[in-house]
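Each chain, letter by letter, is given below.
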There are 2 protein chains.
Amino acid sequence: MTGRSYWIWHYGDYELFHNMKLHMRREEYGMNVPAFFKIDRPHLNIKFKKSFRTDFDGYMTVYLNGIGRINLDGHFYAPEARINVPSGEHTVEVSVANESGFPSIFVESDVCPSDKTWLSSHISGHFCPVGGDEAFDSADCRVEKFPFEYEERSPITTEEFCDGVLFDFGEELLARLLIDNADKNAELCVIYGESREEAFDRDEAIILESVSGRASYCLKARAFRYVCVIGANSDISALAEHEYLPLEQRGSFECSNELYNKIVDASVRTFHLNCREAFLDGIKRDRWVWSGDAYQSARINEYLFADDAIVRRTAVGLIGRAPFEAHLNGIVDYSFYFIIGLWEYYMAYGDRDFLERMYPRALEVIRFSEGRVNADGFITECEGDWVFVDWADMDRNGAVCAEQFLFAESYRVMADVAALVGQNGEEFRYKYDALRERIDRFYWREHLGAYIDSYESGKESVTRHANIFAVMYGFVSPDRAQIINENVFENDAVPKITTPYFKGYELDVYGKLGRLDKIERELDTYWGGMITLGAGTVWEEFDPSMNGIEHYAMYGGKFMKSLCHAWGAGPIYLFGRYYLGVYPTSPGYESFNVEPCLGGLDSMSGTVYAAGAFVKISFDKKHLAVSAERDGGTLIFRGERYPIKKNSPVILELKGMS
Amino acid sequence: MTGRSYWIWHYGDYELFHNMKLHMRREEYGMNVPAFFKIDRPHLNIKFKKSFRTDFDGYMTVYLNGIGRINLDGHFYAPEARINVPSGEHTVEVSVANESGFPSIFVESDVCPSDKTWLSSHISGHFCPVGGDEAFDSADCRVEKFPFEYEERSPITTEEFCDGVLFDFGEELLARLLIDNADKNAELCVIYGESREEAFDRDEAIILESVSGRASYCLKARAFRYVCVIGANSDISALAEHEYLPLEQRGSFECSNELYNKIVDASVRTFHLNCREAFLDGIKRDRWVWSGDAYQSARINEYLFADDAIVRRTAVGLIGRAPFEAHLNGIVDYSFYFIIGLWEYYMAYGDRDFLERMYPRALEVIRFSEGRVNADGFITECEGDWVFVDWADMDRNGAVCAEQFLFAESYRVMADVAALVGQNGEEFRYKYDALRERIDRFYWREHLGAYIDSYESGKESVTRHANIFAVMYGFVSPDRAQIINENVFENDAVPKITTPYFKGYELDVYGKLGRLDKIERELDTYWGGMITLGAGTVWEEFDPSMNGIEHYAMYGGKFMKSLCHAWGAGPIYLFGRYYLGVYPTSPGYESFNVEPCLGGLDSMSGTVYAAGAFVKISFDKKHLAVSAERDGGTLIFRGERYPIKKNSPVILELKGMS
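Residues numbered from 1 in each chain as written. Chains lettered and ligands numbered in written order. Predicted model: local features only at pLDDT ≥ 70, side-chain atom pairs only at ≥ 80, totals over all residues. Heavy atoms only, no water.

Now for the interface of chain B and chain A. The partner chain A presents 44 residues to the 44 residues of chain B that form the contact. Overall, the association of chain B and chain A removes approximately 3,900 Å² of surface from exposure, summing both partners, and the carbon and sulfur fraction of that is 57%. On the chain B side of the contact with chain A, Met24(B), Arg41(B) and Glu99(B) bury the most area, a combined 19% of that side's loss. Seen at the junction of chain B and chain A, the total is six salt bridges. With a shortest N-O distance of 3.9 Å, Arg321(B) and Asp40(A) are connected by a salt bridge. Linking chain B with chain A are 22 residue pairs in polar contact (both at pLDDT 80 or more), by the criterion used here. Of all elements in the fold, only helix H1 (13-22), strand S3 (31-32), strand S6 (67-72), strand S7 (75-77) and strand S9 (88-97) of chain B reach the threshold of two or more residues within the side of chain B that touches chain A. (Contact = heavy atoms within 4.5 Å. Buried area = accessible area lost by both parts, 1.4 Å probe. Salt bridge = Lys/Arg side-chain N within 4 Å of Asp/Glu carboxyl O. Polar contact = N/O pair within 3.5 Å; in protein donor to acceptor, adjacent residues only side chain to side chain. Helix = DSSP H or I, 4+ residues; strand = E, 2+ residues; numbered from the N terminus.)

Here it is, written out as structure tokens:
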């Protein structure tokens, strides 16, 4: 009987390899743009090890991705040789090195299959459990080929014009373009466009490629809806091989507001396109992984695919290899989101193992950050760092308040993770308390009813950012939250949040404060505005006051704006978290609350995937029905608490709702 | 006027890349053997930067090894585009990523050539001066091709036998084998041999390869003198493309003893073959870089090629990239040789810059080691470590004395390097003194007149190793050195040093003690024995009591012994250091001594390269002549000191020498 084998590798190498690959793909105006931040390669040489016993005579054949040899009980064997394994105790070690990819092995065996019981070391004395993927379950699987799936798409219209041909594929794709029937002697310039205008603009389009000398081409996967082939004659044909990750949609939301349903559809489509080796920010540009964007994506993912694997891949790629020498993506706040995100991951999926893997790396981030504090103990900007927070004017003199909240929340997480993985986290608990006390002492202004941006300049400037974090992470009492709400959030004198990125946090806070009306105002104008303009995916930014191709400009480029940007999918999170109202109250949804809220809707229904079990909600003015495939839930409605038993729907007949 | 440009890279990447390449090449019995220790890859993405001003309108064209783009004053340009640079102040940044090699750039420019005034960062906030090599001085140079030279060699005899053909190339080579006129349909097995017997032994030869399907082959560079092609017909022909590093032989030694001259010749040949991307241990097996071997090679190199570049390449490859997570090559002593070797390098070449680069890495080694001490503060073996010292029986219970001497000498070096590079090294001075005191207190036995191996077992076992280090590093007074000499070195009850590796240290100590007679005894029997058997290169080990092919066996393999092993070239060092007697007394030979000694010779002459200046010695029973191309030398002879002025030979007429 053959054991179940799959390809295994040194934990993290798979993620590092594909993270490297994806960060090599950004293009702009015909140029390659290497990542602005450090990208790590996987390890070069790895030793795999397993001790086992067998009660019968068996065999093993070891397949390598790389070069190397097999050592069974002190005897050496070549890769792919059939090795007899007599009954008894054995130790097998496999040394593998791989220059172009990452070392990995597959063991075909009836006594010692390759699986997660193996250990590996990058030859630094320590062995730890391997990484691996059960989907790579045969010797001929190629672990360096990311398991995308492909779907052929034909253009919905083909339009000839004097210079060439324009293909419209009807919707945004990330696809390999297949060109056929081209004139071998023609110099073709292939211009990609998320918009029709972009595809026609050879000078300003972000992605383009010149090709010649062949009748057919297969170009690399890129984001587009339109493709213009300059220099092509009318015989030319094009197909798109759409490349995507087959993810199961586990969360859903539908409601009585058709516009919102369309917003959800566009959000789902946008988010799915950006879920690849990791969470991308946008599929046209820059196709990179940013810790801040990824943090928001993880929240969206929780209410859509609930795919824990992509969260792990993203985190492992982002944190890279030791030593930790610079903030994540070079940005102070982005380091903290990495840590904070670990706990949100744990709450969503209950995966203690991953936190155990990540704890030493999070510790490095904390130690690094602690080396960059000012005399008052606040994190500050050192050489090479970027205190980003948001693209917004704020008083950035000295230590910035918003960063301190992220720092404090990171300490809170470190204390909890340490306790979880059996380390002493008292230090972090203490530092958390001390930092919170200092934040209040240095940044809180009673007379303003607000946290100020920074205390060094004496400007006493108030923006929304720090105050949003204060409420979002529960650093303030409900009373103080109300004070902040009145003095900051409801105060038009305080500059509005202008970026959709930070709007993600702002709307989360409105959800926490029960202000679904404010969420709906944004849905109607911001998201609704795009939908009304015909957007099938959500853009990187939207300003209703703009017209025509003004919408496509950003960062000083005519078409620099991404028209399919992950953070635009925020409504998925908002509907799941604050309308369906499902969220874990202990790790992995061991316990969870369901606090449904119709807001301005007449009815809604949907599902949330609670770590292995679906929770379904159906809610209109007359009925509220909640069912769950697991115990542990509590329905909270009109101040009452109703326990939710596994597969026993709680159904409330409602009266007195207007 | 075009400035002088050459390829530049992030410091260390060139060395890491070639170190990686070389450690992928070991073969054994038809299998690839990945390194037993961690090998690092170069960085993936690098940012290069330079600020400059020009008084005239110029241009620049940037060539990349990798993908990326150029940012001049905020505007982006493609690689290889001609960029106009108007007169004035400018900042240019070049971002490069390279998956298969290492990021590097070449700038053709009349205003801003690529040279060592550029800075680079692996995008972690810090910029530091680039690495580069002036030899790569045109855009079409390939920095990933190590600059070996090639020389065609024909076999001196070709011998047909029933199964195939044997080629004898007359001497040991490291060469690509070119086979021609083979029968396309024949399955050929190419067996390499450092000895004739090995080339005939398909089962036991270390290196072999099966090929078929072509009439001609070019096989990868391997070590051999003999090649046997099984399955070949008599038409087949073979050539060798000998691959070597063109190194200038700067040091020389010739004397009245013809055997010794032959030993020097074999040593030179052996050492040259092993000087490649870095100091190899042996060219057949294992073709790797070991810190202990490299430490001895650096000493040999000082008296032969005096090539500082290979010492740096070796050190940078060995230490690899941070973090330092395991001892060098996994061996405790080998970590210390890395540190100690830094100072010997500085004494030989006076290169402060390199020590500045290496100081943070050496500090990591020290901190790592300090984390692995026992309750008495002695370095000990932790999980994954190997306390090697030598292949020798000794009391290895607990902390071993020999390691403590290396630890102490490392502290001494750290204190000096810290002072040199402007860091505070007082801590290391203090720790050095404290450790020396503890060594004497725990390991010195007055009644034995010796340092014992280890104190934990109570065995009070004495071997030569620790005592050799005590004298070699000058830890003991001349009086105690004599006590050790009598009780240990001259004591036949203390087991002999059996490995040529440790014999390197032992003979150094005999030199320091003025016992050239003991050195000569080894030259006569050990090295002389090999020469008498016809060896053209020096073997990994030699036992005069063996016969025939017994000599080729080692590590349990019939032909596992390397017949061209770097440490065998030790006589080059011994003759230069103790016969010619030239050595620096301050860094870079700012001052140096010449203490010539004829030992048992009638006459000798030779040169030593004293950091840019040749020192020549000619010495027979009647004359001693010393000249130097630099000031700073002192001739020490019969208790007298004679200052050596630049280019003014000191000539002593000798009387009264027997």
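Text resumes after the structure shown.
Moving on, we get to the packing of aromatic side chains. In this description, a pair of aromatic rings is defined by centroid distance and the angle of the planes. Applying the stated rule across the entire model yields 138 aromatic pairs over all chains. Both rings, one in Phe407(A) and one in Tyr411(A), keep their centres 4.8 Å apart while their planes meet at 25 degrees; by these two values the pair is stacked. Note that Phe407(A) and Tyr411(A) are positioned in helix H8 (residues 401-420) at a spacing of four residues, about one turn of the helix. Of the residues examined, Phe407(A) reaches a relative accessible area of 1% and is grouped as buried. Exposure remark for Tyr411(A): the relative accessible area of 5% places this residue in the buried category. Taken together, a centroid distance of 6.0 Å and an interplanar angle of 75 degrees make the contact between Trp9(B) and Phe136(B) edge-to-face. Highlighted residues: Trp9(B) in strand S1 (residues 8-9) and Phe136(B) in the loop between strand S13 (131-132) and strand S14 (149-153), separated in sequence by 127 residues. (Phe/Tyr/Trp six-rings, centres within 6.5 Å; stacked < 30°, edge-to-face > 60°. Buried < 20%, exposed > 50% of the residue type's maximum accessible area, 1.4 Å probe, protein only.)

With that out of the way, let us pick up the sheet that holds strand S32 (residues 650-653) of chain B. Residues and elements named next belong to chain B. Across the sheet, five strands lie side by side as S22-S27-S28-S29-S32; this open sheet has antiparallel pairing. The open sheet has two free edges, formed respectively by strand S22 (252-255) and S32, since each of these has just one partner strand. Each adjacent strand pair in this sheet contributes to an overall mean axis angle of 5 degrees, direction not counted. In the sheet, S22 pairs with strand S27 (residues 603-609) via four bridges, with the strands oriented antiparallel. Of the residues in S27, the one forming a bridge with Phe253 is Gly606. (Pairing = 2+ DSSP bridges. Axes fitted to C-alpha atoms, helices over the stretch in contact; angles between N-to-C directions.)

Leu177(B), Phe338(B), Tyr443(B), Tyr451(B) and Phe469(B) are the most contacted members of the largest nonpolar core, which totals 209 residues. For this core, the leading source of residues is helix H6 (residues 332-349) of chain B, giving 14 residues. Setting aside residues up to four positions removed in sequence, Phe469(B) forms contacts with Tyr337(B), Ala402(B), Phe405(B), Leu406(B), Phe475(B), Phe502(B) and Tyr505(B). Core analysis: the second largest hydrophobic core is formed by 208 residues, Leu174(A), Ala232(A), Phe428(A) and Leu507(A) among them. (Core = buried A, V, L, I, M, F, W, Y, C linked by side-chain atoms within 4.5 Å.)

With that out of the way, let us pick up the domain arrangement of chain A. Segmenting chain A into domains produces domain 1 (8-132), domain 2 (149-244), domain 3 (332-387 + 393-496) and domain 4 (585-653). One C-alpha centre belongs to domain 1 of chain A, the other to domain 4 of chain A, and the line joining them spans 44 Å. (Domains from an automatic or database assignment.)

Residues and elements named next belong to chain B. Across its 18 residues, H6 extends 27 Å between first and last C-alpha, which sits within 8% of the 26 Å expected from 1.5 Å per residue. When you tally the buried positions in H6, you get 17 out of 18 residues, the bulk of the element. Within two residues after H6, Gly350 carries a phi angle of roughly 65 degrees, on the positive side. (Expected span 1.5 Å × (residues − 1).)

Glancing now at the sheet that holds strand S7 (residues 75-77) of chain A. Taking strand neighbours across the sheet as the criterion, the six strands line up as S7-S6-S9-S4-S11-S12 (chain A) in an open arrangement whose pairing is antiparallel. What marks the edges here is a single partner per strand, and that holds for S7 and strand S12 (128-129) of chain A.

Now for the state of the cysteines. Scanning the entire structure with this criterion turns up zero disulfides over all chains. Cys564(A) takes part in no disulfide bond, and the closest cysteine sulfur to it belongs to Cys275(A), at a distance of 10 Å. (Disulfide = S-S within 2.5 Å.)

On to the environment of Gly371(B). Assignment of secondary structure puts Gly371(B) in the loop between helix H7 (352-370) and helix H8 (401-420). C-alpha of Gly371(B) to C-alpha of Glu194(B): the two residues are 177 residues apart in sequence and 44 Å apart in space.

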